[in-house]
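Working through the structure, step by step
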Amino acid sequence: MSPRFSIIVPIYRVEAFLSDTIQSVTGQTHGDWELLLVDDGSPDGCPALCDRAAEKDARIHVIHQKNAGVSAARNTGLRQATGDYILFLDGDDQLAPHTLESLKKTLESESVDVVLFQYATFSSNNPTPYPVRYSLASAPFHQGTEAFLTYLFRTYPDYGWGVFRQCCRREFLLTHQLFFREDLAMNEDGYWFFSLFQEAARFCWLDAVLYHYRIGNANSAVGRAPTLKSYFGDWTTYSHWYNWFQSHYHGEGRSILAGRMARGYVNSASTIYALPR
C-alpha cells in the first residue's frame, strides 16, 4: 500500500544539518510516510549519513546520483516517489513535529491538488522558529487561479514562492508534468510555482506553521554568492511569466501579476549591473 506522504530531500553539502532534518521526519506524530533522500553527489559525509539512516528505518530510501543541481535532485525524487502527496524539504531545514498529521486532517476534509501553509525561520544562533505570518483565510480559493494570484500579490507583493510552502497531490504533479527546469540555477522555484498554479484547479490554505526554514547557511543556494550565469534563471522566470500574464490575464490581475514580474526583472538587472567585472 502506498504511503500517504512522500517527503523529497535534495542533498548537497548539508552534513552539519542533515541529521536534524531527517529527525524532523522520523519524529512526526503521523507515521504514514516515505522519505526520499536524493544525494546529489555531495562531496562530504552526507552520502554515508543517508545510508546509515536508511538502515535504521525502512521508510527511508536513498538515491545516489552525480551532481546535477537541486532541480534535478527534486525531479529524481518526484519520479521515484510513491506517496499520495508530495512535500519538498531542503536538507538543512526541518518539518514541524505535527506537519503530516495537520495535513492529513486537512486532506480528509478538502479534496484539493495543493495545500498552502505557514512557515517559520530559524538559524544556528536563533534556533527557536520565528513564524513568517501570512493570512490567506480570506483568499478567493474557489474563484480560480487568476483571482487567487491577484489577491495574493495584491495583499503580499513580496510573497515568497519557495517550493517548501505547499503540499501537492502526486498524481496531479505527474499528470501535468510539473517537474523543475534543470537549466535554471536561480529562481527555478518561482518558475515552478507559477506553473503549478496555472494547472491547479483546487487548492486551499492551512493556517498552521508546518515548515522551519533555516537562514544563515552559507552553503545553501540562497547563501552562496550568485554569478552572472545564475541570473539566467531570474531573467527566464520573470520574462516568461511577464509575457504570460500580459497575454492571458486582464484588468487588475494583469496589472498586479505582470507588474510583479517586471519589478523582479528590474531588481535582477540592477543586481547584475552591480556585479564585479
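The structure under discussion appears in the preceding block.
Residues numbered from 1 in each chain as written. Predicted model: local features only at pLDDT ≥ 70, side-chain atom pairs only at ≥ 80, totals over all residues. Heavy atoms only, no water.

Taken across its 12 residues, strand E9 (residues 203-214) has 11 buried, putting it largely inside the fold. Where strand E5 (residues 94-95) lies against E9, two bridges are found, and the strand directions are antiparallel. Of the residues in E9, the one forming a bridge with Gln94 is His212. Sheet topology note: the strand E6 (residues 114-122)/E9 ladder contains nine bridges and is parallel. Bridging from a neighbouring strand, Phe122 pairs with Arg214 of E9. (Buried < 20%, exposed > 50% of the residue type's maximum accessible area, 1.4 Å probe, protein only. Helix = DSSP H or I, 4+ residues; strand = E, 2+ residues; numbered from the N terminus. Pairing = 2+ DSSP bridges.)

Evaluation of the coordinates by the stated rule reveals 12 salt bridges. Among the ionic pairs, Glu101 bridges to Lys105, the shortest N-O distance being 3.7 Å. Pair noted here: Glu101 and Lys105 are both in helix H4 (residues 99-109), with a separation of four residues, about one helical turn. By relative accessible area, which is 30% here, Glu101 ends up partly exposed. Residue Lys105 is classed as exposed on the basis of its relative accessible area, which comes to 52%. Through salt bridges with shared partners, a single ionic network connects Asp113, Arg169, Glu171 and Arg202. (Salt bridge = Lys/Arg side-chain N within 4 Å of Asp/Glu carboxyl O.)

On their own, these measurements won't tell you what the molecule is for.
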